[in-house]
Structures are given as C-alpha cells and as structure tokens.
Amino acid sequence: MRILILGGDGYLGWPTAMRFSRSGHEVTVVDNFSRRRWHLDQSTDSLTPIYTLEDRIEVWKDLTGLEITSRIGSIEDAEFLDEVVAEALPEVIVHYGEQPSAPYSMRSRQTAVETQQTNVIGTLNLLFSMQSFVPDAHLIKLGTMGEYGTPNIDIEEGYIEIEHNGRKDTLPFPKLPGSLYHCSKVHDSTNIHFATRIWGLRATDLNQGVVYGIETDETALDPRLATRFDYDETFGTVLNRFCVQAVVGHPLTVYGSGGQTRGYLNIRDTLRCVELAAENPADRGEFRVFNQFTEQFSVAELAELVKGSAAQLDMDVTIESFPNPRVELEQHYYNASNQKLLDLGLEPHYLGEELVHSVLDSVRQHRDRVVFRAITPKTQWNPGELEGGALLAPRET
Ligand code: NAD
Ligand code: USQ
C-alpha cells in the first residue's frame, strides 16, 4: 500500500515508518520538526541521541535497501498538504502529527492556542485534502483515551447505547477531557466523524492510552535508528519518566495520592495496532473507534513496579508524593473496554519486570544526558487560587 505517515519523525511515527517500509509498503513521511524545536526552546532533549530524519532515512536505506520518502512542512499549511497528498496518493494515512503533551498545552495561553491550532486545524486541513484528492483513502488517526476522562461508568469503544425517556440510540460516548491537549483530540474526533458522515470518508480513531518503551524490532537493528525517548516534565510520559528517575536516583514523582488510573501499552503494540487497523480498513462513511491500550494501572502501581524491578538490579529507588500539578481525580472508578483490537488479532506485550529491566538498561547507557532540572513538575493546571483539584468535585466510586 501507499502509506503516508504524518509526524513521521516522532517517538511513534519513526518506528511506524520503518515497520511499514519493512513490510513492503511504499512509505512517505511528513514532519515539520516542531517536537525537536519545542525541546530546543526549553533546553531539553531526547534521552536517546537521535539522528536527523534525513540521516535516519539514509541509514535505513543502507541497511535494508528500502526507500522512505520525506516531505518537510506543516500539516496546517493547506497548500503544502494538498501537494503532498496529491503527489503521494496514499491509500492509508496514519496521522501522528500533533502536539502531544498535556502539560505543554496547559503551560500558557500561547501554548494552549498553539496546541489547538496545530492539532485541530491540522486535522481539519487533512480532511479537506483527503476529500479533494483521495476520498477513498483510510485515515488512521491517533486519538487518546484521555478524551473520555474518568467517568464513573464503564468506558465503551467510541459509542454507547443510551435509553432516554423511553427511546434508544447509539451515540458517541460522552467526553470529559482533562487538558486543553485532550480537548483538541475531542475536537478532532468530532470533525473526523462529521467528515465520514457527510463526505463518506473512511476513518479509524485510535484512542490510545499512555505508551511506554524504547525498542521495536526495527529500532533494535542499529543505534542510529533509535527513536526519541523523553523524560522531562512536559514531554515525558509517566512510566518512561519513572525509569529515568530510577536510574539517576531521583525520587519517583507520583503526583498526589497516585490512584490515577489509565490504560497503557508497549510501543511495540502501538505499531501492531496501527498495522491491524491498516490491514482491516474502515468502510466508506464509517467512523470506527478502537480503544488502544492493553492494561490498566494506577500511577502508584507503576511506581511500585519500577521500584521493585530496579531493586533486582541493585538500585535503591524511593517513591515520593508530589503535590499534584494537574487538576484530575486521584481516586476514581476506571474500567475501559479494549476488545476490538484483540478481536482483530492483537497479541499484547504485557508490562512486567523484564520490560522495565530492558528500559532501565537502555536508560543507563545514556544517563549522562539526563537534564535534572527538567524532571520535577512545574506546569500547574490551575495556577490561580483553586488548589488541589477544587474545580473537580470528588465523586462517589
Ligand atoms: P511526537 O511529538 O514524538 O510525534 C509527533 C510528530 O509530529 C513530531 O515529530 C512533530 O514534530 C510532528 N508534528 C507535530 N505537529 C506537526 C505539524 N503541524 N505538521 C507536521 N508535523 C508535525 O509524539 P508521539 O508521542 O509520537 O505521539 C504521536 C501521536 O500519538 C500524537 O498525536 C499523540 O497525541 C498520540 N498519542 C501519543 C501517546 C504517547 O503516549 N506517546 C499516547 C496516546 C496518543
Ligand atoms: N503522572 C505522575 N507523575 C509523573 C507524570 C505523570 O503521577 O511524573 C501522572 C499524571 O498526573 C497522570 C498520569 O500519570 O495522571 C499520566 O500522565 P502522563 O504524563 O504519562 O500522560 P498524559 O498526560 O495523559 O499524556 C500521555 C501522552 C499523550 C496521550 C496520553 C494518553 O503524552 O500524548 O494522549 O498519554 S491518555 O493518558 O490515555 O490520555
């Protein structure tokens, strides 16, 4: 298939590009390097040294003989995107190309606007390019489990059957996003759903949980093919952060009481899920939603897992509760369905000590690159007077 990967220089995008290329697909990647720039702005960097996109592509070609085409530009630039889509004529578009950090979106008015501009306008633009040039293509869009929030009922995959005043309907599952980044994903979902209903596009929204891990079959081929791995308070996700903190002797930064429960998955499973979605496309006019995670954990459980795994490697790790910089429920009900990708054949890599050991080993190789000042949380969801989640009334569980 001809596959266009938007955000193909990123943590998930680059390994996905290699995976599809290795499976014999014709791959074009698009990126504007904003993720690299955001790091420059805050004087941080990926823990793993990463090659430039062009160098990665050259190494890939030298090692495998396979070509990956790159196009540098912004998805929200209509002229650029039209040109790329018209030239590549993709059958599948994998859309990773957004600002992915909740803390970044909550840092200031400027970063909030930038996040929604990049994400919402970028995706809207893409829908128009698809309608104009490739109306039959399958859009695989990375959404997020955080679109649902933490409701006090089971979370279904995209839709819920509701009975109200004696009548029944199946409607989009209610959304309670927990940051302006997560809000941007909800707005994306609304726009994509609309485009499938009105223009007959086909789309799969992958509501992904928090990803962890550093290695895929392709990144393991050569250190020059490594993907980025972030641990700073803005761009690092929780398990990756805990592994770095364990290695450098920083207390594990559990926010608040640590009861916050989310869906998680290994980066290897991200690639497999996207592959499964591509191999089994949505129908014309269909807005298909899969919940993409393999297991649920609370933050406290993850901290204990990292502490225990590190102890086996003779590392003495402490866990500390930090005042929660976010406004989120710390004790809540959480039970989300994730059956649809399993039905398509996903065989999860479950999280255990072995995986944590392998991440700790990789982190140890680069421990001299860790920027300590970037670890502790600084971005406050509500920098005003209302502290400790006052905007969210606690609910019965
Ligand atoms: P990433 O920042 O590493 O990758 C995104 C890439 O897109 C970056 O290389 C960035 O430079 C590029 N990009 C951003 N805006 C762009 C634009 N307007 N035009 C062109 N390129 C642009 O992030 P990631 O962790 O690989 O996440 C990829 C996607 O998956 C994101 O949409 C994110 O919201 C979603 N997601 C990630 C996780 C996770 O835990 N990493 C979990 C759920 C969902
Ligand atoms: N947390 C801590 N300590 C830390 C970092 C985080 O306790 O040092 C807590 C947070 O308060 C939160 C949970 O861990 O309750 C997850 O935080 P995170 O930073 O790992 O993940 P999140 O902000 O939700 O965002 C990440 C990705 C985002 C993706 C999302 C999936 O950055 O792109 O959309 O995971 S989900 O969480 O399912 O919405």
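A few points on the structure. No experiment lies behind these values; they were computed from the predicted model shown.

## Observations concerning the site of ligand 2
- Taken together, 21 residues lie near ligand 2, and Pro100, Thr144, Tyr181, Thr253 and Glu328 sit nearest.
- Between Arg241 and ligand 2, the recorded distance is 2.8 Å, taken from a side-chain N or O atom to an oxygen atom.
- One nitrogen or oxygen atom from the side chain of Arg262 is found 3.4 Å from an oxygen atom belonging to ligand 2.
- When residues of the shell around ligand 2 are traced back to their parent elements, those giving at least two are α7 (180–199), α8 (238–248) and β10 (252–255).
- Sorting elements by how many residues they give to the shell around ligand 2 places β10 first, with 3 residues.
- Broken down by class, the residue content of the shell around ligand 2 amounts to 9 nonpolar, 8 polar and 4 charged.

## Quick word on the environment of Leu124
- Checked against the element boundaries, Leu124 lands in helix α6 (residues 109–133).
- The class of Leu124 is partly exposed, set by a relative accessible area of 32%.
- Taking the C-alpha atoms as reference points, Leu124 and Ile75, 49 residues apart in sequence, are found 9.5 Å from one another.

## Comments concerning the pattern of salt bridges
- Scanning the model with the defined rule gives 25 salt bridges in all.
- The partner of Arg19 in a salt bridge is Glu218, with the nearest N and O atoms 3.2 Å apart. One end of the pair, Arg19, is in helix α1 (residues 13–22); the other, Glu218, is in the loop between β9 (210–212) and α8, with 199 residues separating them in the sequence. For the pair Arg19 and Glu218, one class covers both residues: buried.

## Some remarks on the packing of aromatic side chains
- Following the criterion strictly, the structure yields 6 aromatic pairs and no others.
- Measuring from ring centre to ring centre gives 5.4 Å for Tyr148 and Phe173, while their planes differ by 90 degrees; the resulting arrangement is edge-to-face. Here Phe173 lies in the loop between β7 (167–172) and α7 and Tyr148 lies in the loop between β5 (138–144) and β6 (159–164), a separation of 25 residues in the sequence. The pair Tyr148 / Phe173 is uniform in exposure class, with both members buried.

## Re the sheet that holds β5
- What the 7 strands build is an open sheet, ordered β3-β2-β1-β4-β5-β8-β12; its pairing is parallel. Of all strands in the sheet, those bounded by a partner on one side alone are β3 (68–72) and β12 (287–292). If you compare each strand with its neighbour and ignore which way they point, the axes differ by 20 degrees on average.
- Where strand β1 (residues 2–6) meets strand β2 (residues 26–31), 5 bridges bridge the pair, whose relative direction is parallel.

## Notes on the site of ligand 1
- By nearness alone, 29 residues border ligand 1, and Asp31, Arg35, Glu76, Tyr181 and Lys185 come closest of all.
- In the environment of ligand 1, an oxygen atom lies 2.9 Å from a nitrogen or oxygen atom belonging to the backbone of Leu12.
- Contact with the protein chains removes 96% of the 820 Å² of surface that ligand 1 exposes when unbound.
- If you list the elements that add at least two residues to the shell around ligand 1, you get α2 (34–41), β5, α7 and β9.
- Its residues assigned to classes, the shell around ligand 1 shows 10 nonpolar, 12 polar and 7 charged.

## Examining the side chain of Thr28
- Relative to the elements of secondary structure, Thr28 occurs in strand β2.
- Given a relative accessible area of 13%, Thr28 falls into the buried group.
- Setting aside anything within four residues of it in sequence, one finds Thr28 in contact with Ile3, Leu4, Ile5, Thr69, Arg71 and Ala88.

## Describing the pairing of β12
- Most of β12 sits out of view: 6 of its 6 residues are buried.
- The two faces of β12 match: Phe287, Val289 and Asn291 on one face and Arg288, Phe290 and Gln292 on the other face are all buried.
- Strand direction decides the pairing type here: strand β8 (residues 202–208) and β12, joined by 6 bridges, are parallel. Across the sheet, residue Thr204 finds its bridge partner in β12, namely Arg288.

## Concerning helix α10 (residues 299–312)
- The end-to-end C-alpha distance of α10 is 20 Å, a good match for the 20 Å that 14 residues give at a rise of 1.5 Å each.
- Among all positions of α10, only Val299, Leu302, Ala303, Leu305, Val306, Ser309 and Ala310 are buried. Buried positions in α10, seen along its axis, are confined to an arc of 160 degrees and lie on one side of it.
- In the core, the buried residues of α10 are packed alongside α8, β10, β11 (261–266), β13 (295–298), β14 (319–322) and α12 (353–365).
- Once α10 ends, the next one or two residues include Asp314, with phi positive near 65 degrees.

## Observations regarding the environment of Ile57
- Tracing the backbone shows Ile57 in helix α3 (residues 53–64).
- C-alpha of Ile57 to C-alpha of Arg167: the two residues are 110 residues apart in sequence and 55 Å apart in space.
- In contact with Ile57, not counting residues within four places along its chain, are Trp14, Ile68 and Ser70.

Calculation notes
- Residues numbered from 1 in each chain as written.
- Chains lettered and ligands numbered in written order.
- Predicted model: local features only at pLDDT ≥ 70, side-chain atom pairs only at ≥ 80, totals over all residues.
- Heavy atoms only, no water.
- Near = heavy atom within 4 Å.
- Polar contact = N/O pair within 3.5 Å; in protein donor to acceptor, adjacent residues only side chain to side chain.
- Helix = DSSP H or I, 4+ residues; strand = E, 2+ residues; numbered from the N terminus.
- Nonpolar A, V, L, I, M, F, W, Y, C, P; charged D, E, K, R; others polar.
- Buried < 20%, exposed > 50% of the residue type's maximum accessible area, 1.4 Å probe, protein only.
- Salt bridge = Lys/Arg side-chain N within 4 Å of Asp/Glu carboxyl O.
- Phe/Tyr/Trp six-rings, centres within 6.5 Å; stacked < 30°, edge-to-face > 60°.
- Pairing = 2+ DSSP bridges.
- Axes fitted to C-alpha atoms, helices over the stretch in contact; angles between N-to-C directions.
- Areas by Shrake-Rupley, 256 points an atom, 1.4 Å probe, with all protein chains shown as cover.
- Contact = heavy atoms within 4.5 Å.
- Expected span 1.5 Å × (residues − 1).
- Arc of directions from axis to C-beta.

Keep in mind that these numbers describe shape and distance, not what the molecule does.
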